Amino acid sequence: MSLSFVPPIPVPPQIDKKVISKIATGDEEAYEKSLIKEWCEKKHYMVTKNVTQMMNVTVLENGVNITREMNVTQETEVEVTENIKKCSFLFQDSGLNDTAVGVILLVVALIMLCVCLVTIVKILNSMLRGRVARIVKKTINAEFPGKLSFLAGYLAILVGAGLTILVQSSSIFTSTMTPLVGIGVISIERMYPLTLGSNIGTTTTGLLAAFANSGAKLENGLQIAICHLFFNLSGIAVFYPIPFLRFPIGMAKWLGNTTADYRWFAVMYLVLMFFVFPAFVFGLSAAGWQYLAAVGGPLALLVVVIVVINVLQHKHPNVLPAKLKNWEWLPLWMHSLQPLDSVITKMLAVFCCCKKDNTEQQVLYFPVEVDVSKFLQKGDSKETVL
């Protein structure tokens, strides 16, 4: 009889929800506790204890009621928690604090997310080919006939909301749909209302969580959940019904085309918009609203002027002066990414220890004597071909 030992599979650490709840209610002692759940199995039971407390007691002395503070011992039922089994998870007894564990798990999660997205793209590329791709593309991008064609976008909003409600995550929905846009199955014009619908569907998670509360917590939770819902609805009301305001579609196309020309642009965009720009605004706001207005106001005005001139250059160039009909009069680095691309390419070549070989390939021709009598009706039986 042979016994095989299967080692336990390490699992990510669990979060102690009670600590989070205490932090949310302002318990200062909870800030010193770890968010990682240490004990997975506990036993709760009630015990009777003699508790001595200082209480105001009224006694009768010489016919007069007198209230005095006295130590009074009473039997009180107290809930006792007994720790039975510790949680088994990654980094257990490693000495790492919550911050270190969180950073490691964040990096691992990002790597897994990227691997999953690449895998989804590969699978969809292999599945959606030929006739299947044409059928799916025709079905998803279909329009209603005649004057009812504008209703197709609103139907896509409902479909996006319904699918997001089913999976309870707008991130899963958009992460699944995005590769379909990349391989050309879904158009960007159809993906736009689907994404807006997913923003509505994701609010149901907050609504369901709010209904799980009771008493005063139910009212507060519903207020936040409904604010989330109407915030997303107001965004759709602003950026979808009027075609002129659907500029996110044009921005997405511009970002996609720019990334296709300069692969590093996507990384730079993420770093600037999600780290550098928020940190810059936060720093100005922390210094005071005067600094934020003095620096942010002129920058915002400059951005608005540049956007307006760009729109006029493409839509109505005749209303602009001759010099503003294009940006060619500016230095190259101010209206093109080509100089920055050259710098980044050289830096990557140094870091990767690989240099581009820009020399032309030399093609050498050698004389070869072959028998071409089989292909010629007249002439010599042998010929030299270069």
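Residues numbered from 1 in each chain as written. Predicted model: local features only at pLDDT ≥ 70, side-chain atom pairs only at ≥ 80, totals over all residues. Heavy atoms only, no water.

Attention shifts here to helix α10 (residues 265–287). Residues three or four positions apart in an α-helix share a direction because the helix packs 3.6 residues into each turn. Its 23 residues give α10 an end-to-end C-alpha distance of 31 Å, which sits within 8% of 33 Å, the value for a rise of 1.5 Å per residue. Where α10 bends most, at Leu272, the angle is about 40°. Backbone geometry just after α10 places Gly288 at a positive phi near 140°. (Helix = DSSP H or I, 4+ residues; strand = E, 2+ residues; numbered from the N terminus. Expected span 1.5 Å × (residues − 1). Bend = angle between axes of the 7 residues up to and from the residue.)

Here we come to the packing of helix α9 (residues 247–261) against α10. Packing of α9 against α10 brings their axes to within 8 Å, and their N-to-C directions diverge by 130°. Put simply, α9 runs oblique to α10. For the pair formed by α9 and α10, the contact residues are Trp254, Leu255, Thr258 and Thr259 on the first element and Phe265, Ala266 and Tyr269 on the second. Split into classes, the residues belonging to the contact of α9 with α10 amount to 5 nonpolar, 2 polar and no charged. (Axes fitted to C-alpha atoms, helices over the stretch in contact; angles between N-to-C directions. Parallel < 35°, antiparallel > 145°, perpendicular 65-115°, else oblique. Contact = heavy atoms within 4.5 Å. Nonpolar A, V, L, I, M, F, W, Y, C, P; charged D, E, K, R; others polar.)

Considering all chains together, one arrives at 2 salt bridges under this definition. Glu143 is the salt-bridge partner of Arg190, the closest N and O atoms lying 2.9 Å from each other. Of this pair, Arg190 sits in helix α6 (residues 188–201) while Glu143 sits in the loop between α3 (130–140) and α4 (151–167); the two residues are 47 residues apart in sequence, bridging distant segments of the chain. A relative accessible area of 8% means that Arg190 is categorised as buried. A relative accessible area of 51% means that Glu143 is categorised as exposed. A salt bridge links Glu189 to Lys253; the shortest N-O distance between them is 2.6 Å. Highlighted residues: Glu189 in helix α6 and Lys253 in helix α9, separated in sequence by 64 residues. Given the relative accessible area of 41%, Glu189 is considered partly exposed. (Salt bridge = Lys/Arg side-chain N within 4 Å of Asp/Glu carboxyl O. Buried < 20%, exposed > 50% of the residue type's maximum accessible area, 1.4 Å probe, protein only.)

Averaged over every residue, the pLDDT of the chain is 80; residues scoring 70 or more account for 88%. The lowest-confidence element of the chain is strand β4 (residues 382–385), averaging 43 in pLDDT; the highest-confidence one is α6, averaging 92. Confidence drops under a pLDDT of 50 for residues 355–366, and excluding neighbours within four residues, the segment shows 1 contact in the predicted structure. Under a pLDDT of 50 for its full length, residues 378–386 has, in the predicted model, 16 contacts with residues more than four places off or in other chains. (pLDDT = per-residue confidence, 0-100.)

This part takes up the layout of surface pockets. The space that makes up the largest pocket amounts to roughly 2400 Å³. In terms of lining, the largest pocket is formed by 46 residues, of which the most central are Trp254, Val303, Ile306, Val307 and Asn310. Within the residue set of the lining of the largest pocket, elements represented by two or more residues are α9, α10, α11 (289–315) and α12 (332–335). Grouping the constituent residues of the lining of the largest pocket by class yields 34 nonpolar, 8 polar and 4 charged. Of the pockets and cavities examined, the second largest pocket occupies roughly 1900 Å³. Lining the second largest pocket are 38 residues, and of these Thr178, Ala252, Leu255, Tyr269 and Leu270 sit closest to its centre. By residue number, the principal contributor to the lining of the second largest pocket is α9, which donates 9 residues. Considering only residue class, the lining of the second largest pocket consists of 26 nonpolar, 11 polar and 1 charged. (1 Å grid on protein atoms, 1.4 Å probe; cavity = no way out; pocket = protein on both sides within 12 Å on 5 of 7 lines; lining within 4 Å. Points joined across faces, edges and corners; volume = space filled by probe spheres on them.)

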